[in-house]
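Observations on the model geometry
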Amino acid sequence: MSVDLATVKRVAHLARIAVSDDEAAKMEGELNTILGFVEQLNEVDVEGVEAMTSVMPMPMKKREDVVNDGGKADDIVANAPESDENFFLVPKVVE
Amino acid sequence: MTRNVRRLKSDHKNMTELTRLTIAEAREKLQSKDITSAELTSAYLAAIEAANPFINAYVAVTADLAREQAKRSDDRLAKGEGGALEGIPLGIKDLFGTEGVHTQACSHILDGFKPRYESTVTSNLWADGAVMLGKLNMDEFAMGSSNETSYYGPVTNPWRGRDNNKALVPGGSSGGSASAVAAHLCAGATATDTGGSIRQPAAFTGTVGIKPTYGRCSRWGIVAFASSLDQAGPITRSVRDSAIMLKSMASSDPKDTTSVDMPVPDYEAAIGGSIRGMRIGIPKEYRLDGMPQEIDTLWQKGIEWMKDAGAEIVRISLPHTHYALPAYYIVAPAEASSNLARYDGVRYGLRKPGNDIVDMYEKTRAAGFGPEVKRRVLIGTYVLSAGYYDAYYLRAQKVRTLIKRDFETVFNDGVDAILTPATPSAAFGIADQDMAADPVKMYLNDIFTVTVNMAGLPGIAVPAGLDDSGLPLGLQLIGKPFDEETLFRTANVIEQAAGQFTADKWW
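Just so it is clear, the model here is predicted, and its values are computed rather than measured.

**Considering the overall build of chain A**
Within chain A one finds three helices and two strands. In chain A, the order of α-helices and β-strands from amino to carboxyl end is α-α-α-β-β. Relative to its length of 95 residues, chain A is extended, with a C-alpha radius of gyration of 22 Å against a globular reference of 12 Å. On the principal axes, the C-alpha backbone points of chain A span a range of 55 × 45 × 25 Å. Split by element, the accessible area of chain A, about 6600 Å² in all, is 52% carbon and sulfur. Each charge class in chain A can be summarised by its mean position, and for the 9 positive and 20 negative side chains these summaries are 4 Å apart.

Have a look at this one:
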């Protein structure tokens, strides 16, 4: 499988990365090199093989469903590029 | 005048003598009060100041914090107290969250980020008395094998070929960690390994690096790249030092659901033990076409050293080895595209204004991510997108099951550890044209290391010799899950036979 220029632009939009036409053209070649490389996986017989979900067999750890952390609004917004009274500020989303 | 010059010279000598000490040696001298942590820390800070313009290993130096920590360590040592790493100055890879200190995964998108928390691994180190010298350079988001994708510029390998002054890469992604340890700019360093990012740079710089079993070190507070593959580990100047550091770094952590609930063994106690009767596997699939003769010769030497120490050599097959790297280049980018979705210009780091919120996201991410990170995010987004999930991601995860099964089969047949080369070549030049032109060429650096991440196993790289041009080469030992002790024991045999390697100072 390979990608064309339109697919590169569509995927870049899905990934929320702005790309210029020149960048997209360059990426088309690079992505196809990588996709060509991973193509060899089609040689492997995976019939009846279970897909890996956890590399070490261990039961999922669970904890009590209780509040055990919080009250850190100041810490959470401390690194925000724009914030106001413990809210993150973003461009207008709803008209 | 003459006296001053003489004194300067003797200060310089003392400084290099202090920074040359291994962690184990420094620990002994600190405990016997031959030296203080303040002296040791000052020596390292001076060494960093002198070397960093040439090596570029540190992206942030925390001199004031280091001096404060050193003073507290000296107080504790004076009272006969102190932890396992009391007063030992370490460098920390920029991927580890350190409270109030530069933490940017060497990416532009995390500009100015100073977390309000401390990663579990670094918390463990400080609890054991270690001193932080600063944050170490790395490939952006740990994506790279040469440390050239860092927003802060490449790191230079302290090693150079015998016949020329060509600047070489230290490997990656933990290139700052490896260079800092090799150039004596810290006693040891934290690092992380997703496909070989501890072991490949260790091999390129003549240092020791271990990636422990998945789950041994908590991933909490470490910037995530590919969560099912990422593991933290140390890079040090000796096998013993790696054992000392890993014991402190490893823990069971309720904040990481993949952290294992098992006690951390005393790894250092495993060193020096006999390997007589141990079965060491030699996988035929690791002999590559076109592999440099020197790598093969080194591997044969390693086999002889194992035999001389009484181990039994067993020829083994790991038939799916060839497919580990292509499967990795689906799984890792897929997980990365998901993990890196959080960098949106809202909660931390860089923000570029846009006409609306999507425009703001797209401009921020376009400006904040470098080319390699963009490539991987796009590959990951593509293989996870509607219609392609089964063909790529699901198939890769099935291949991963087969890779793990290969290892399980040989371990069940009685193999105790597997010996392979660590890398397919010695360190290459900065701005290598072949690698720059073809991303897959760069990816092939991890061909011997990536299988270990795919199977979650522990792997250690240990220096084993120099190539014809005088550059270090490493061997890798791969162990059973949570059997790091066997790796320390066998790696020590190689270290004893090969000796330790130090770069000639040119900076």
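**Some thoughts on the packing of aromatic side chains**
Residue and element names in this part refer to chain B. For the structure on display, the rule yields 18 aromatic pairs over all chains. Relative to Tyr152, the ring of Tyr151 lies with its centre 5.5 Å away and its plane at 85°, an arrangement referred to as edge-to-face. Taking the relative accessible area as the measure of exposure, Tyr151 reaches 44% and is therefore partly exposed. Judged by its relative accessible area of 25%, Tyr152 falls in the partly exposed class. Plain terms: the ring middles of Phe204 and Phe428 are 5.8 Å apart, the flat faces sit at 90° to each other, and that makes the pair edge-to-face. Separated by 224 residues along the polypeptide, Phe204 in helix α7 (residues 199-205) and Phe428 in the loop between β9 (417-421) and α14 (433-437) bring together distant segments of the chain. Residue classification places Phe204 among the buried positions, given a relative accessible area of 1%. A relative accessible area of 8% places Phe428 in the buried class.

**A few points about the pairing of strand β2 (residues 89-93) of chain B**
Residues and elements named next belong to chain B. With five of five residues buried, β2 is to be regarded as a mostly interior element. Here β2 shows a buried face lined by Pro89, Gly91 and Lys93 and a second buried face lined by Leu90 and Ile92. As paired elements, β2 and strand β3 (residues 131-136) share five bridges and run parallel to each other. The residue bridging Ile92 from the neighbouring strand is Lys135, located in β3. Remark: the β2/helix α5 (residues 120-127)/β3 crossover connection has right-handed handedness. Alignment of β2 against strand β4 (residues 188-193), held across two bridges, turns out to be parallel.

**Considering the environment of B:Phe369**
Positionally, B:Phe369 belongs in the loop between α11 (357-368) and α12 (371-384). Sequence separation of B:Phe369 and B:Ser469 is 100 residues, and the distance between their C-alpha atoms is 36 Å. With residues up to four places along the chain from it excluded, the contact list for B:Phe369 reads A:Ile17, B:Ser107, B:Ile109, B:Glu140, B:Phe141, B:Leu340, B:Tyr343 and B:Lys374.

Scoring rules and cut-offs
Residues numbered from 1 in each chain as written. Chains lettered and ligands numbered in written order. Predicted model: local features only at pLDDT ≥ 70, side-chain atom pairs only at ≥ 80, totals over all residues. Heavy atoms only, no water. Helix = DSSP H or I, 4+ residues; strand = E, 2+ residues; numbered from the N terminus. Rg over C-alpha atoms; globule rule 2.2 N^0.38 Å. Areas by Shrake-Rupley, 256 points an atom, 1.4 Å probe, with all protein chains shown as cover. Lys, Arg positive; Asp, Glu negative; His and termini not counted. Charge placed at Lys NZ, Arg CZ, Asp CG, Glu CD. Phe/Tyr/Trp six-rings, centres within 6.5 Å; stacked < 30°, edge-to-face > 60°. Buried < 20%, exposed > 50% of the residue type's maximum accessible area, 1.4 Å probe, protein only. Pairing = 2+ DSSP bridges. Right-handed = clockwise from strand over helix to strand, strands pointing away. Contact = heavy atoms within 4.5 Å.

The quantities given are spatial measurements derived from coordinates; they are silent on function.
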